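Each chain is listed here by its residues.
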Amino acid sequence: MSPIIYIYTMKIIAEISSNHRGELQNAIQLIHEAKELGCWAVKIQLYNPSELATGSLVPIYEKNKTPFSWVPQLIQFARNLGIKIFPTVYTLRDLMFCEKFCNFDMYKISSFENEDGDLIKAVLNTNKYLFISTDLCNIKEVGNYLNSKGNFTGCCFKCTSQYPAEYKNMNLKTIQDLRGRFPSASIGLSDHTTDSVAGVVGCGLGIEYIEKHFMGNIQDAPESAFALNYNDMKKFIKDIADAELCLGSVNYQSGDTSRYKKRLTQSGYFRSLETDN
């Protein structure tokens, strides 16, 4: 299938997460579909289940993990395809593995680890680009960590840690607050809603990145309650492209009114028809 081409500048990140259902070929398929749709990058989650979960949750995390053994193949496939790939890391051990064996250009830290000062500082010390979600945190404390090496120049994601996220909990005005707190950083949206409304609003607020969970054409994906399938992602990207088109530029002469401006009265639309005819 030929790539789907829309004109837009937003960097859209397809979060694969556990939607590969434990099969390497599914992960490869999702990378291919994300590239085909025009996503800027794909993201994977790298963790050791026993370090994130306890008790009965460990088998669930084990079932849904992306095995470290897959990573070299996924990186090679993505780079050959021409799409960026990077992981969320959860512990210093995850980061050490990635730095030793993977040569990623970027990392993400999730909302659940965003007050882990040691992890934040360790990622910053790699000099790799850092995305960090900013939900569930003391933002001043997080800011101190992020600015520990000078003004933070990575990306702060506005995130609502609800799956799926409801409109009433999105609080997208926080995007403007993040921009004020981190003037040297890019601002993005980690969007867990099931459609494009939040993304379009975020576009209007000037975000540069959107992360969206993606299940593509994988059947019975674990995140099917909120991840976008192939057609939904296609529509999402088109809506973002259309939103950017609507934003346009600063322009007080958007239409050709020179021929009939003086004749416009109550209804500019009908007067324009009359003049054009």
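See the structure printed just above.
The structure displayed is predicted, hence computed values, not measured ones.

Q: Is there a simple way to think about the side chain of Glu223 in this case?
A: Looking at the secondary structure, you find Glu223 in the loop between β8 (209–216) and β9 (228–229). Nearest to the buried, unbridged Glu223 among oppositely charged side chains is Lys43, at 8.7 Å. For Glu223, the side chain forms a polar contact with the side chain of Ser17, separated by 2.6 Å. When neighbours within four sequence positions are excluded, Glu223 is seen to be in contact with Ser17, Ser18, Asn19 and His213.

Q: Is there a simple way to think about the packing of aromatic side chains in this case?
A: Given two aromatic rings, one states the distance between the centres and the angle between the planes to describe the pair. Throughout the structure, instances matching the rule amount to 13 aromatic pairs. Here Tyr47 and Tyr61 contribute two aromatic rings whose centre-to-centre distance is 5.8 Å and whose plane-to-plane angle is 75°, an arrangement assigned as edge-to-face. You can see Tyr47 sitting in the loop between β2 (41–46) and α2 (49–52) and its partner Tyr61 sitting in helix α3 (residues 57–64), a full 14 residues away along the chain. Judged by its relative accessible area of 29%, Tyr61 falls in the partly exposed class. Seen in terms of ring centroids, Phe152 and Phe182 are 6.5 Å apart; in terms of plane orientation they differ by 80°. Their pairing is edge-to-face. Separated by 30 residues along the polypeptide, Phe152 in the loop between α7 (139–146) and β6 (155–159) and Phe182 in the loop between α8 (174–181) and β7 (186–191) bring together distant segments of the chain. By the burial criterion, Phe152 is buried, and Phe182 matches it. Three or more aromatic residues joined by ring pairs form one cluster here, namely Trp40, Phe86, Tyr129, Phe131, Phe157 and Tyr209. Stacked on the ring of Tyr209, the Lys or Arg Lys11 has its end atom at 5.6 Å from the ring centre.

Q: Got a minute to help me understand the packing of helix α1 (residues 24–37) against helix α4 (residues 71–81) in this structure?
A: When two helices pack together, their arrangement is given by the angle between the helix axes and by the axis-to-axis distance. Relative to each other, α1 and α4 sit at 25°, their axes nearing to 10 Å. Taken together, the axes of α1 and α4 lie roughly parallel to each other. Along this stretch, α1 crosses α4, giving a crossing that reads as right-handed. Here Leu24, Ala27, Ile28, Ile31, His32 and Lys35 of α1 come into contact with α4, specifically with Gln73, Leu74, Phe77, Ala78 and Leu81. Partitioned by chemical class, the residues of the contact of α1 with α4 number eight nonpolar, two polar and one charged.

Criteria and thresholds
Residues numbered from 1 in each chain as written. Predicted model: local features only at pLDDT ≥ 70, side-chain atom pairs only at ≥ 80, totals over all residues. Heavy atoms only, no water. Helix = DSSP H or I, 4+ residues; strand = E, 2+ residues; numbered from the N terminus. Buried < 20%, exposed > 50% of the residue type's maximum accessible area, 1.4 Å probe, protein only. Lys, Arg positive; Asp, Glu negative; His and termini not counted. Salt bridge = Lys/Arg side-chain N within 4 Å of Asp/Glu carboxyl O. Polar contact = N/O pair within 3.5 Å; in protein donor to acceptor, adjacent residues only side chain to side chain. Contact = heavy atoms within 4.5 Å. Phe/Tyr/Trp six-rings, centres within 6.5 Å; stacked < 30°, edge-to-face > 60°. Lys NZ or Arg CZ within 6 Å of the ring centre and 35° of its normal. Axes fitted to C-alpha atoms, helices over the stretch in contact; angles between N-to-C directions. Parallel < 35°, antiparallel > 145°, perpendicular 65-115°, else oblique. Left-handed = near helix turned anticlockwise from the far one by under 90°. Nonpolar A, V, L, I, M, F, W, Y, C, P; charged D, E, K, R; others polar.

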